[in-house]
Every structure is written in structure tokens, then in C-alpha cells.
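If you want the building blocks of each chain, they are given just below.
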Amino acid sequence: MKRFHWGLLALAIVACVVAAWIIYVPGPTAFASGSTVALGDYKGTNPTGVPVSLASGDIVKRGEYLTRAADCEACHTAKGGVPYAGGLAFNLPFGTLYSPNITPDKETGIGNWTDADFINALHKGIAPDGSRFYPAFPYPSYTLLTNDDVLAIKAYLFSLKPVRQETEPNSLAFPFNQRWGMMFWSLFYNSNERYRPNPSQSAEWNRGAYLAEALGHCGECHTPRNLLQAVDNKKKFAGAVTAGWRAYNITQDATSGIGSWDLDTTAKFLAHGHVEGLGTASGPMGEAIDMSLRHMAPEDINALVVYLKSIPAIADTSLPLPKTMLASGFPTNQEIAENARGAMIFAGACAACHGWSGKSPILSYADFVGGRTVNDPTARNVAQAIIWGVTRHTPNGVVTMPGFGKAYSDEEIAAVSNYITARFGAEKSRITAADIKTIGKQASQ
Ligand code: HEC
Ligand code: HEC
Ligand code: HEC
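Note that the structure is predicted; figures quoted are calculated from it, not measured. (Residues numbered from 1 in each chain as written. Chains lettered and ligands numbered in written order. Predicted model: local features only at pLDDT ≥ 70, side-chain atom pairs only at ≥ 80, totals over all residues. Heavy atoms only, no water.)

A short note on the site of ligand 3
Near ligand 3 there are 23 residues, and of these Ser-282, Cys-350, Cys-353, His-354 and Met-401 occur at the shortest range. In this structure, Ala-281 approaches ligand 3 through a main-chain N or O atom, which is 3.3 Å from an oxygen atom. Within the side chain of Thr-373, a nitrogen or oxygen atom sits 3.2 Å from an oxygen atom of ligand 3. Elements with a contribution of two residues or more to the shell around ligand 3: helix 15 (340-354), helix 16 (380-388), strand 7 (390-394), strand 8 (397-401) and helix 17 (410-424). (Near = heavy atom within 4 Å. Polar contact = N/O pair within 3.5 Å; in protein donor to acceptor, adjacent residues only side chain to side chain. Helix = DSSP H or I, 4+ residues; strand = E, 2+ residues; numbered from the N terminus.)

Focus on the pairing of strand 8
Pairing of strand 7 with strand 8, which is carried by 5 bridges, proceeds in the antiparallel orientation. Bridge assignment links Val-390 to a residue of strand 8, and that residue is Met-401. In textbook terms, the turn of a hairpin is the stretch between consecutive antiparallel strands, and for strand 7 and strand 8 this stretch comprises 2 residues. (Pairing = 2+ DSSP bridges.)

A look at the packing of aromatic side chains
Summed over all chains, the structure comprises 20 aromatic pairs. Taking 6.0 Å as the distance between ring centres and 55° as the angle between the ring planes, the aromatic pair formed by Phe-31 and Tyr-307 counts as tilted. Here the residue Phe-31 occupies a position in the loop between helix 1 (2-23) and helix 2 (52-55), and Tyr-307 occupies one in helix 13 (residues 298-309), the gap between them amounting to 276 residues. Plain terms: the ring middles of Phe-346 and Phe-424 are 5.7 Å apart, the flat faces sit at 50° to each other, and that makes the pair tilted. With a gap of 78 residues between them, Phe-346 in helix 15 and Phe-424 in helix 17 connect regions that are remote in the sequence. Of the two residues, Phe-346 and Phe-424, neither departs from the other in class, the shared state being buried. (Phe/Tyr/Trp six-rings, centres within 6.5 Å; stacked < 30°, edge-to-face > 60°. Buried < 20%, exposed > 50% of the residue type's maximum accessible area, 1.4 Å probe, protein only.)

Some points on the environment of Ser-409
As for its placement among the helices and strands, Ser-409 is situated in the loop between strand 8 and helix 17. With 24 residues separating them in the primary sequence, Ser-409 and Ala-433 have C-alpha atoms 8.2 Å apart.

Overview of the layout of surface pockets
Of the pockets and cavities examined, the second largest pocket occupies roughly 890 Å³. If you trace the second largest pocket, you find 40 residues lining it, with His-76, Pro-100, Trp-113, Phe-133 and Phe-137 closest to the centre. For the lining of the second largest pocket, the elements supplying multiple residues, two or more each, are helix 4 (72-75), strand 2 (95-98), helix 5 (115-124) and helix 7 (147-158). It is helix 5 that provides the largest number of residues to the lining of the second largest pocket, a total of 3 residues. Considered class by class, the residues forming the lining of the second largest pocket number 23 nonpolar, 10 polar and 7 charged. (1 Å grid on protein atoms, 1.4 Å probe; cavity = no way out; pocket = protein on both sides within 12 Å on 5 of 7 lines; lining within 4 Å. Points joined across faces, edges and corners; volume = space filled by probe spheres on them. Nonpolar A, V, L, I, M, F, W, Y, C, P; charged D, E, K, R; others polar.)

In C-alpha cells:
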């Protein structure tokens, strides 16, 4: 009998260790060698705040830079809506959540918020009435921001014109509509701790870490989540699905990540969202480039690159090495026999802009060759780009591809997606009409 109890105890301990391992998440920079210190004890160049060229500027200017670096606009603006007036719908599996109006309107925005209210929201995810925010608002990243930076962001937001726009109430189902539940989540997953520099790493690395983790929140999209929906840094930057788009592996793995990109290439991609032969960022990454990264100082982009280069490689076997060879000639009879519908749509509606080779005859932003998107055998992002269209800022002005979600049936979108991956990618996709229906609904609108 006694032995039986010991066995049970051992089992319980093993179960607890397994559960702890599943819910335990290391800090965002725990992968790096050396230990961290409090910001006040750090002797190197201050990794927080704005670049030197802006440091003497007034608080609103500094706040504008930081607000862009944190990309508050991407989530707090409805498609085609007024910036920061909220209303973007987050389509979650258990209902829809709308981002609130964060302009300084006193009734429908945050015009009555005190400094302490604002700090509490960004650091702790707590509203002025004490209720808890859902982590669709990435406060577990913003908690790393210094008070000075948070208040500069507030000063910038409060310098904007107040916009009167009520936030639609969310439609989350029970039990997900119980905000108090987030209290326990925060206990585990919101460190409520400011950025801690690592003196064993360079000043540039520390700045890059602050930009990536506290401001740019790259991991909120690029790192897989655990069962409790917390960013799981055991698989840091290994790739995840976010709002229906696949945010690719950005670890240093040479095949499935960005390990083969050199420093200049990586910097160029982050600053423009496009590098010849590596494709173009669309969807949520296109937005992150347009609203945030392209406004960053070159020294900040370089710091981000230094930090990205230090991320340990994690291989994702579902992503092949991108094909870099151009396709030649017009579609073969075999290609047409395999997917006549896709070939026909491509010929009629797409080839004029995208070309038959994978290099666009009119605009390098529309090149497919070498890009991860057309080399992803799930075709998820290819389909999203076709459904919703893409608008991007290039150095020569705005380019737009119209959305085809209304013009084409789900079958047609699946066919042309499969056609594109087969012709321009390393592995053809087999996306179906049912997949198109599902993933289209997951996108933020
Ligand atoms: C990834 C999307 C996302 C980003 C980026 C984001 N937010 Fe939010 N934010 C949300 C969502 C969603 C909510 C609503 C959460 C809820 O209802 O629980 C929210 C809530 C808020 C609130 C509470 C407002 C209120 O009326 O209750 C404030 C303030 C806020 N965000 C400020 C910011 C600032 C400042 C930034 C940039 C530093 C930012 N957000 C970036 C998604 C985002
Ligand atoms: C809102 C979600 C989101 C955020 C935040 C985000 N990304 Fe992305 N990222 C994506 C998506 C989605 C893609 C794929 C885009 C496509 O298919 O064109 C992507 C693609 C990329 C790529 C190209 C990868 C490849 O193999 O072609 C790089 C590099 C990248 N992101 C880096 C970053 C960095 C660095 C940050 C933080 C500064 C960041 N991303 C923040 C969603 C995001
Ligand atoms: C008016 C010109 C134009 C037409 C017509 C057009 N596109 Fe595009 N498309 C673009 C541009 C420009 C981009 C690049 C924007 C970006 O990703 O930043 C793009 C991007 C894409 C992407 C995303 C590529 C990536 O690497 O992220 C896909 C997939 C795509 N188009 C498919 C299609 C299909 C399929 C059709 C026909 C049904 C089509 N396009 C018609 C101009 C066009």
C-alpha cells in the first residue's frame, strides 16, 4: 500500500513538472549569454528612448518616434479609418474584439486618462476602472518600456486631434468575456518589469533588443504561443499564424529562417519591406514596415539587425529553401492540364502586373521570385494577399493591388493560389476552397 502512494506521489510530481514546463515561458532575451542588470545599474549607452539625433527634441517629437516604433497605429485604426480612432476588428476563435479609440477625445477616447492610468494600461494591462485588458493589446511587450518612453507616447497621442468615435463592444463568448480571468494570466505572463540590459552584449545589441521586444513587439506575431496563448520564448521567433497570416520563421536558420540574409540585406528588408530576389512584405508585415519600420533612423534599423542576427536558429521543416530561379516561357501544356482554372485567372487578371517569369515587368515590388510567400507550401499568405489586396509605400510612392475576395469564388482563389506556388515556388500548395473561407475570416478587418 505504501509503495502505491509513493508511486502516485512520483506521478503527481512528474505531472506538475510537465505542466510547469508547458506553462513556463523564459524572458524575451533569456537566450543570450551573460546576465541582465537593472537599467539604473547599466554603465553602457542608454538603450531606451529615441536616437541621439532626436534626443534633444521636445516630448511630442520623441513620442511620435516611439509611437511609430511601437506601431500603435496598426491596431488602433480601422481599415480606411481615422488613425488611432480604433475600431479594427480582431476575429478571434471565440468572438470579435475591437480596438478602442486612443485619441484624446474625452468621451469616446482616452482624453480623461492621467499619466498613471496610461502607465497602468501599458505596463500592467489594467484599465482606469480596474478591469483587465486582453493580451490582443500587447502589454506584455510594452511592460518593458521605461516610464519616460510611455509618457512620451502619451504626450504624442494627446497632441492629436480628438476624434469622437465610440468603440464597438466585443462579442466574446463566455467564459472568454470574463475579464477578471486575465488577472491570473498576467500573474504568469506579464512580468511587469522594465527592460533589463545585458552588459555582456554590445550597446547596439541592447538597443536592438529594446526596439524588437519593448517597442516593435516582433515576437507577438513571429513567436508561437503556448496553450494559454502566451508568447512561448522557448521557440523564439520560430514563426506563427497571426490574424490569419503566417508570420514566418525569422530565426537564423538558413533554410526556413533568415540566416542566409547578410546584414545589409536584412537592414534593407526591414527598412523597405522589399529586397530584389527576396520578395516583398505584405499583410501585417507590410503594415509594420509602412507604419513603423520605414520611419526608423538607420542606426536603429542596424541595431535591430544586430539583435536579429543573434537569435538562435530553429528549423521549421514545413518551409523549403526558396526557389531563386526564374520561371521560363509561357505555361506548358502540362501546367495547364494540372490547373487550367488557375492558369487562366493568372493570365487574365495577374500576369500584366506580376509577369510570367516571377519578375514583374513593371514594378519590382510585384516580383514573386525568391520570396518566402510564394515558397510557403501552405499558400496561406498568397491567398490572403489575393483576398484582401495589398497597399504598400515604396520609395517611389504608393502601390496597390486590388483585393479579389469579392470578384472571385473561393474555388477560383484556391486555384490561382495553387497556380502561383506551383509556378514560382519550391513546392506546390494544395489549398482548398474550404481553407480560403476559413483563413479569410481570420484576418483583422
Ligand atoms: C497588436 C495590436 C495592438 C497594438 C500594437 C497596440 N494595441 Fe492598444 N489595444 C489593442 C486592443 C485589442 C485593445 C483592447 C483590449 C481589450 O479590450 O481588452 C487595446 C487597448 C488599448 C488601450 C485601452 C484603451 C481604453 O479605452 O480602454 C490603450 C490606452 C492602448 N491600447 C494604447 C496603445 C498604445 C499606446 C499602443 C502603442 C504603444 C498600443 N495600444 C498598441 C491592440 C493593440
Ligand atoms: C503584426 C504582426 C507582425 C509583427 C508585429 C511583425 N511581423 Fe514580421 N512578418 C509578419 C508576417 C505576417 C510576415 C509574412 C509577410 C508576407 O507573407 O509577405 C512577416 C515577415 C517578416 C520577415 C520576412 C521573412 C521572410 O522569410 O521573408 C521579416 C524579416 C520580419 N517579418 C521581421 C520582423 C521584425 C524584425 C519585426 C519586429 C520589428 C516584425 N517582423 C514584426 C508579421 C509581423
Ligand atoms: C495592378 C497590378 C497588380 C495586379 C493586377 C495584381 N497584382 Fe498582385 N501584387 C501587386 C503588387 C504591386 C504587389 C506587391 C505589394 C506588396 O506585397 O507589398 C502584389 C502582391 C501580390 C502577392 C503577395 C506577394 C508577396 O510576396 O507577398 C500575391 C500572392 C499576389 N500579388 C497575387 C496576385 C494575383 C493572384 C493576381 C491576379 C488575380 C494579382 N496579384 C494581380 C500588383 C498587382
